[in-house]
Amino acid sequence: MNSRTIVRSLKKPEAYAPLLAIRNAREYDVAVEKLNALLDEVGDNPKDPRYRLIDTLSILVEAYDDEHYPITDVSGVEMLKFLIEQHGLTQGDLPEIGSQGVVSEILRGKRELNVRQIGALSERFNLPPGAFFPVRSR
């Protein structure tokens, strides 16, 4: 690509604006839409020249997400309560943790989740085990 081609392409900011910065929710939505379209078209083929655009848009979207939609630090018990609510479960629906009494003690903070229970919950809900540990400051 020669310098004249580059200069001509820079005269159309709407073509590259989503790659510069995401300043508001509208630009965020456009960037996410473009990122999803690229992912659908390119997939995980690093030989496609558009693959680097996926990296760039991912970084921009992640930065906007981190600033505007921070993920709060939750404990394993809070995560378990959330999953129980989201899946419409009762304490008795979690035999992989233990009896209803054990589940109740965990939910009330009388007991902590152990490694075996975390592994079982991770498998059941298809989550990484780290989802049941608080996020540490970066």
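Colleague: Would you mind going over the nonpolar core in detail, with residue names and values included?
Modeller: One finds Leu80, Leu94, Ile97, Ile106, Leu113, Leu121 and Phe132 to be the most contacted residues of the largest nonpolar core, which totals 18 residues. Elements with a contribution of two residues or more to this core: helix H5 (76-86), helix H6 (100-107) and helix H7 (115-125). Here this core gets 5 residues from one element, more than from any other, and that element is H5. Residues contacting leucine 113, with those up to four places away along its chain left out, are Gly76, Leu80, Ile106, Ile118, Leu121 and Phe132. Membership of the second largest hydrophobic core comes to 11 residues, among which are Ile22, Tyr28, Val42 and Ile54.

Colleague: Now, about the packing of aromatic side chains: what can you tell me, with residues and values included?
Modeller: If you walk through the whole model with that rule in mind, you get 3 aromatic pairs. Their ring planes at 25° and their centres at 4.8 Å tell us that tyrosine 28 and tyrosine 64 sit as a pair that is stacked. Taken as a pair, tyrosine 28 in helix H3 (residues 25-42) and tyrosine 64 in helix H4 (residues 51-68) lie far apart in primary sequence, 36 residues in all. Tyrosine 64 gets classed as buried once you look at its relative accessible area, which sits at 6%. Aromatic side chains tyrosine 28 and tyrosine 69 sit 5.9 Å apart centroid to centroid with 55° between the ring planes, which places their arrangement in the tilted category.

Colleague: A description of unusual backbone geometry should follow, citing residues and the corresponding values.
Modeller: Although it is not a glycine, asparagine 126 sits at a positive phi angle of roughly 55°. You can see asparagine 126 is positioned in the segment after H7. What makes asparagine 126 exposed here is its relative accessible area of 69%.

Colleague: Account for the pattern of salt bridges, naming residues and giving values.
Modeller: On inspection of all chains with the given rule, the structure shows 5 salt bridges. Note that glutamate 41 and arginine 50 form a salt bridge whose closest N and O atoms lie 2.6 Å from each other. Overall, arginine 50 belongs to the partly exposed group, its relative accessible area being 31%. A salt bridge links glutamate 105 to arginine 111, with the shortest nitrogen-to-oxygen separation between them at 2.5 Å. When its relative accessible area of 26% is taken as the criterion, glutamate 105 is described as partly exposed. The class for arginine 111 is partly exposed, based on a relative accessible area of 39%.

Calculation criteria
- Residues numbered from 1 in each chain as written.
- Predicted model: local features only at pLDDT ≥ 70, side-chain atom pairs only at ≥ 80, totals over all residues.
- Heavy atoms only, no water.
- Core = buried A, V, L, I, M, F, W, Y, C linked by side-chain atoms within 4.5 Å.
- Buried < 20%, exposed > 50% of the residue type's maximum accessible area, 1.4 Å probe, protein only.
- Helix = DSSP H or I, 4+ residues; strand = E, 2+ residues; numbered from the N terminus.
- Contact = heavy atoms within 4.5 Å.
- Phe/Tyr/Trp six-rings, centres within 6.5 Å; stacked < 30°, edge-to-face > 60°.
- Salt bridge = Lys/Arg side-chain N within 4 Å of Asp/Glu carboxyl O.

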